[in-house]
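Summary of the model geometry
Listed below are the residues making up each chain.
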Amino acid sequence: MELTKQQQDMLDGRYGAGKAKAMQVLKAVGDGFRAARMVPITRAHVALSAQEADTWFARKMRDAGAVCAVAPTVNPGYCLAYFERAGVLDEKKSALMRETHEVYRDLGANLTYSCTPYLFGNIPRYGEIVAFSETSVSVYVNSVLGARTNRESSASALCAAITGFVPEYGMLLDGNRLGTVRVTVEADVRDAFDYSLLGLCGGKIGRGVPVFCGLGAQDISTEMLMGLGAQLNVSGVTELFHIPGATPDARTEEDAFGGRTPERCVTITQADLEQQSQQLLSGAPDRVDFVMLGCPHYTYEQIVEAARLLETTPARVPVWILTSAANIALARSNGLEALLERCGAHLIADTCVDESAVWGRLAGQHGATDSPKCAYYMRAFGVQNAVSRVEDCIRWAGKGGRGE
Ligand code: F3S
């Protein structure tokens, strides 16, 4: 890979040991993908996760003197104030989150702790080259905003933030951003949950850049696009998708494929969606001990919708709604948070469902969620989740521990 003088100087340590280490990592990634050069980034988002290995890497960079050239936003870990008050954290777990906070602050990150930075706090414009990690984020940024990022790891995104560069390969190159798989949707796809089910068909769609045809482009909401991208990237390792008429690189189907013939054609039927839905519900819900919403972090509109449902059916088991601190500030100032609390629901900032430090205590319990991604991660630490639309989750919560 050809480096500019500035990049070579960084690699050689003339900008300090921290930047040299970060450049070594990026050079190795670039060589692995046969990138021809490094290009500057304008933004970064780091999936910090507050897990020991990620914090270890960030600490190593900080201790080598690294400071970010491009201040990244960061993914959620867990909200110390909320969980310390709830008596959930022992000293070790509190110390890890506290250290994570300190290390990233020292590195110069913007401590937003949200996994929807593309809605607030870090919104790339069309065509910007950025380094974003987090499964649900990179696909949204590529597909819906038309910015360009590879599926960075937390480590590579941090190295990009430290140096201000990324190797140019994959999703940064025009030719790799064209559609390759034509997906005909012959199913009734009407709300965000349906779009999540469609995303779960990523295994059937296979590798490549899917172009979804047959969706009512004008009726697609932000939440639908979030649900589709999050599940596609979990189930099918999808970096980018197009929906003609709805996403910016696909005004038309022809645009989406760049005039080329699709490599494959796949049809998603109602039966495919129903099969996904039945799998998510299998073995549940004869009992619901809690409801978890907000993976990815709930938008403000989703919080309002949950409150509307809870007003009719107050919860008799805890309902946790994960969202950004910005949404909570708004909900607190206008009384929405107080209404939710009266109905048995709690807004939690800065927190991810994939944190055994705070959710591991739920092992053996039965939950409900509207997010297949949430269920996937929580299963890893022994929590079973029935997955269905938010209306069902809140209805189950209102039954006080009994499912259907
Ligand atoms: Fe966000 Fe964590 Fe889910 S980062 S998308 S809450 S797994």
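None of the values given here were measured: they were computed from a predicted structure. (Residues numbered from 1 in each chain as written. Predicted model: local features only at pLDDT ≥ 70, side-chain atom pairs only at ≥ 80, totals over all residues. Heavy atoms only, no water.)

Quick notes on the site of the ligand
As a reminder, the rule being used: Whether a residue is near a molecule or strand depends on its heavy atoms: it is near if one of them lies within 4 Å of it. By definition, any uninterrupted DSSP run of H or I lasting at least four residues is a helix, any uninterrupted run of E lasting at least two residues is a strand, and each is numbered from the N terminus.
Every residue lining the ligand is accounted for by N75, P76, C115, E134, S136, C295, P296, C352, V353, K373 and Y377. Elements represented by at least two residues in the shell around the ligand include exactly β9 (290-298) and α17 (372-379).

Concerning unusual backbone geometry
What counts, and what does not: Accessibility here uses a 1.4 Å probe with only protein chains present; expressed as a share of the type maximum, an area under 20% marks a residue as buried, one over 50% as exposed, and anything in between as partly exposed.
Residue P296 is reached from C295 by a cis peptide bond, and omega for that bond is 0 degrees. Of note, P296 is situated in strand β9. A positive phi is found at S49, a non-glycine position, where the angle reads about 70 degrees. A relative accessible area of 15% places S49 in the buried class. If you check the backbone angles, E134 has positive phi at about 95 degrees while not being a glycine. Within the element layout of this structure, E134 appears in the loop between β4 (130-132) and α6 (135-143). A residue is classified by how much of its surface remains accessible, and E134, at 15% relative accessible area, is buried.

Quick notes on α6
Here is the rule: Contact definition: two residues touch when any of their heavy atoms are within 4.5 Å.
With respect to burial, α6 is a largely interior element, nine of its nine residues being buried. Listed in full, the buried residues belonging to α6 are T135, S136, V137, S138, V139, Y140, V141, N142 and S143. Check the buried side of α6 and you find it contacts β2 (43-46), β4, α10 (222-236), β9 and α17.

Some remarks on the pairing of strand β12 (residues 366-369)
The condition is simple: Two strands make a pair as long as DSSP finds a minimum of two bridges between them. Look down the strands so they point away from you; if the path from the first strand over the helix to the second goes clockwise, the crossover is right-handed.
Note: β9 against β12, three bridges, orientation parallel. Its bridge partner lying in β12, V291 is registered against A368. You can see the chain leave β12, run along α17 and come back into strand β13 (residues 384-387), and the turn it takes is right-handed.

Description of the sheet that holds strand β6 (residues 181-186)
For sheets, the rule is that strands pair by backbone hydrogen bonds, running either parallel or antiparallel. Rules: Only the stretch in contact is used when a helix axis is fitted, and all axes are lines through C-alpha atoms; the angle between N-to-C directions ranges over 0 to 180 degrees.
Spatial strand order, β7-β6-β8: three strands in an open sheet with parallel pairing. Two strands lie at the open edges of the sheet, namely β7 (210-213) and β8 (264-269), each paired on one side alone. Across the sheet, the axes of successive neighbouring strands diverge by a mean angle of 25 degrees, strand direction being ignored. Both β6 and β7 contribute to a ladder of four bridges, which runs parallel. Note on β7: the bridge partner recorded for V181 is P210.

Some remarks on the sheet that holds strand β3 (residues 73-74)
Taken together, the three strands give an open sheet; going across it, the order is β3-β2-β4, and neighbouring strands pair in parallel fashion. Whereas interior strands pair on both sides, the edge strands pair on one side only; in this sheet they are β3 and β4. In terms of strand pairing, β2 meets β4 through three bridges, oriented parallel. Its bridge partner being in β4, A44 is matched across the sheet by A131. Taken strand by strand, helix α7 (residues 154-163) contacts β2 and β4, and its axis lies near 145 degrees from that of β2.

Considering the nonpolar core
Put simply, the rule is: Put simply, buried Ala, Val, Leu, Ile, Met, Phe, Trp, Tyr and Cys residues joined by side-chain atoms within 4.5 Å make one nonpolar core.
If you look at the biggest cluster of nonpolar residues, it comprises 59 residues, and the most contacted ones within it are F83, L107, L158 and W359. For this core, the leading source of residues is α7, giving six residues. Beyond its immediate sequence surroundings of up to four residues, W359 is in contact with F83, M292, W320, L322, I348, T351, C352, V353, M378, F381 and V383. Residues V137, V139, M226 and L273 belong to the second largest nonpolar core, which totals 38 residues.

Digging into the environment of V317
Mapping V317 onto the fold places it in the loop between α13 (300-312) and β10 (319-323). Distance from V317 to T267, taken between C-alpha atoms, is 40 Å for residues 50 residues apart in sequence.

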